[in-house]
Amino acid sequence: MTDQPSTAVSFCRPAYDRDRLKTRLLHIGFGAFARAHLAVYLDATLAKTAGDWGICAVRLHSGADELAALEKAGCLYQLAEADDDSATIRTIGAVCATLHPKTTDVEAFYAPFVSADLSIISLTVTEKGYCTDGRGNLDIENPAIQRDLRDAAVAQTAVGVIVEGLRRRRATGVGGLSVMSCDNLPENGQTTQNVICAFAGLKDADLAQWIAHNVTFPSTMVDRIVPALTKQAEEYIAGLAGGSGANDIVCEPFRQWVIEDNFIAGRPDFDLAGAQFVENVAPFEDMKLRMLNGSHSFLAYLGALAGYETVSDCMKDKQLRGAARALMVREQIPTLSMPEGTDLEAYADDLLKRFENTRLKHKTTQIASDGSQKLPQRMLNSINHHLRHGTPWHALCLGVAAWMAYARGQDENGAALPLADPLAQRIRSIVADQADGPDYVRAMLQLDTVFPVQLANDPGFQQPLITAYQRLRQPGVHAALADLEN
Ligand code: CS2
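Residues numbered from 1 in each chain as written. Predicted model: local features only at pLDDT ≥ 70, side-chain atom pairs only at ≥ 80, totals over all residues. Heavy atoms only, no water.

## Some words on the layout of surface pockets
Unfilled space is identified by rolling a water-sized probe across the atoms.
Next, step 1: For the second largest pocket, the calculated volume is near 360 Å³.
Next, step 2: If you trace the second largest pocket, you find 18 residues lining it, with His394, Ala395, Cys397, Asp483 and Leu484 closest to the centre.
Next, step 3: Counting residues per element, the ones that place at least two in the lining of the second largest pocket are α12 (318–332), α16 (394–406), α20 (459–473) and α21 (477–485). (1 Å grid on protein atoms, 1.4 Å probe; cavity = no way out; pocket = protein on both sides within 12 Å on 5 of 7 lines; lining within 4 Å. Points joined across faces, edges and corners; volume = space filled by probe spheres on them. Helix = DSSP H or I, 4+ residues; strand = E, 2+ residues; numbered from the N terminus.)

## Some details on the sheet that holds strand β12 (residues 256–260)
Next, step 1: In space, the three strands of this open sheet follow the order β10-β12-β13, with mixed pairing throughout. Edge positions in the sheet fall to β10 (220–223) and β13 (276–278), since each has one partner strand and no second. When the angles between neighbouring strand axes are averaged without regard to direction, this sheet yields 20 degrees.
Next, step 2: Examined bridge by bridge, β12 and β13 share three bridges and lie parallel to one another. Opposite isoleucine 259, over in β13, you have phenylalanine 277 as the bridge partner.
Next, step 3: Strand contacts of helix α10 (residues 282–305): β10, β12 and β13, with the helix running at about 35 degrees to β10, the strand carrying the most contacts. (Pairing = 2+ DSSP bridges. Axes fitted to C-alpha atoms, helices over the stretch in contact; angles between N-to-C directions. Contact = heavy atoms within 4.5 Å.)

## A closer look at the sheet that holds strand β9 (residues 215–216)
Next, step 1: If you walk across this open sheet you meet the six strands as β6-β3-β2-β7-β8-β9, and the pairing is parallel. The sheet terminates laterally at β6 (95–99) and β9, the two strands that pair on one side only.
Next, step 2: Pairing between strand β2 (residues 22–28) and strand β7 (residues 120–123): four bridges, direction parallel. Bridge pairing in β7 links isoleucine 28 to leucine 123.

The values are spatial; any link to function lies outside them.
Okay, structure coming up:
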């Protein structure tokens, strides 16, 4: 048992009739986040209503082994909702089937898509999974999209798979459904609609028309901190629960879900499990993307450069913690328009408390991944706001500079930093070609899927960024953070 004796542990198992579950919700990208978010909301809903809403858990690339293990375990797995004082071990029962293209043939793979039971296709495929051009539209130059356009039957992108599924569904006449994104993108419903409709339009104009009339794309704001499972976390669950399985996961106790109520073929009563159905998700998305994800990325780049391994390590550094708070309170809050009564400063302080959770072992390098996909909605949109209004954006500036410094691949002590990003190849060649300094910053600004041309060429953006970048490189992270305090 690796747990501290002071942890209060409770257990929770599904008491509803799992034999009634059918695939009514098919989830593409059933990784750590979906296991700890969507499936938990459905599990908690089923605990209140019973019913037949089950999830078919789908992975498209990696994950075949995890899904096989899930099947073997009767589609049950354990979730530890943990902080430094307590843990709840939940056995989640909402999954009723699994599907992976590697372990099934094409016809069997698409069978659930054409079933009348299916009402929702949901997805967590990360920002890059939508194959956009950085402006929310389909990137038709993307090699994976090109390949799927050529051979739809063996589509490999989520976009290609969903369009092929919808094509088959239309042919059987069972009616439409809803496609619900659960990824951290602004207007994720609209983006999903854009890429699906554009892809379908390139294949078959009639299909695109059918989708326009028979498929809805609700937007959602999802929130729960669910780090990739580490060896330590695995031992932690095993210690508390007396064993662990391939799909077990540790996450924080907090969860939030705001959903646009726009479902054409029915939906579970997720509100009974604490979700909020609203007409317009956009303000909640912006709040979460800029406050939580924005400060996460800020901490990830600056923290990793300073040699911190996890977000909770960053929180122990008073300067870094203070800078993350300043980023949220002084520079993100002024960009937001929230429904009356929302206390954004309290939200910022709650976030800092959530980041302190030492159980999560949330690696700075994990959050640092895919920066080219994350920066626009987490920092650049806010910078644009400040440039328009003539208001200060020093911390945001440092955050963007820190992304550029991180991309050079070494922390302040000379230790290697991993670069995982769809633009990694281009970034590596910029790093190789440009000496560290202003020319490097200018060359990075030419990544036009990240920086819109107008912003990149704005001297009011470029110059402060170069100055912040140089302070960050010399004397370093803490001196640059100290500048923010003045
Ligand atoms: C994180 C998110 O990895 C990241 O980029 O910022 O996964 C974050 O933990 C979640 O959005 C929290 O809801």
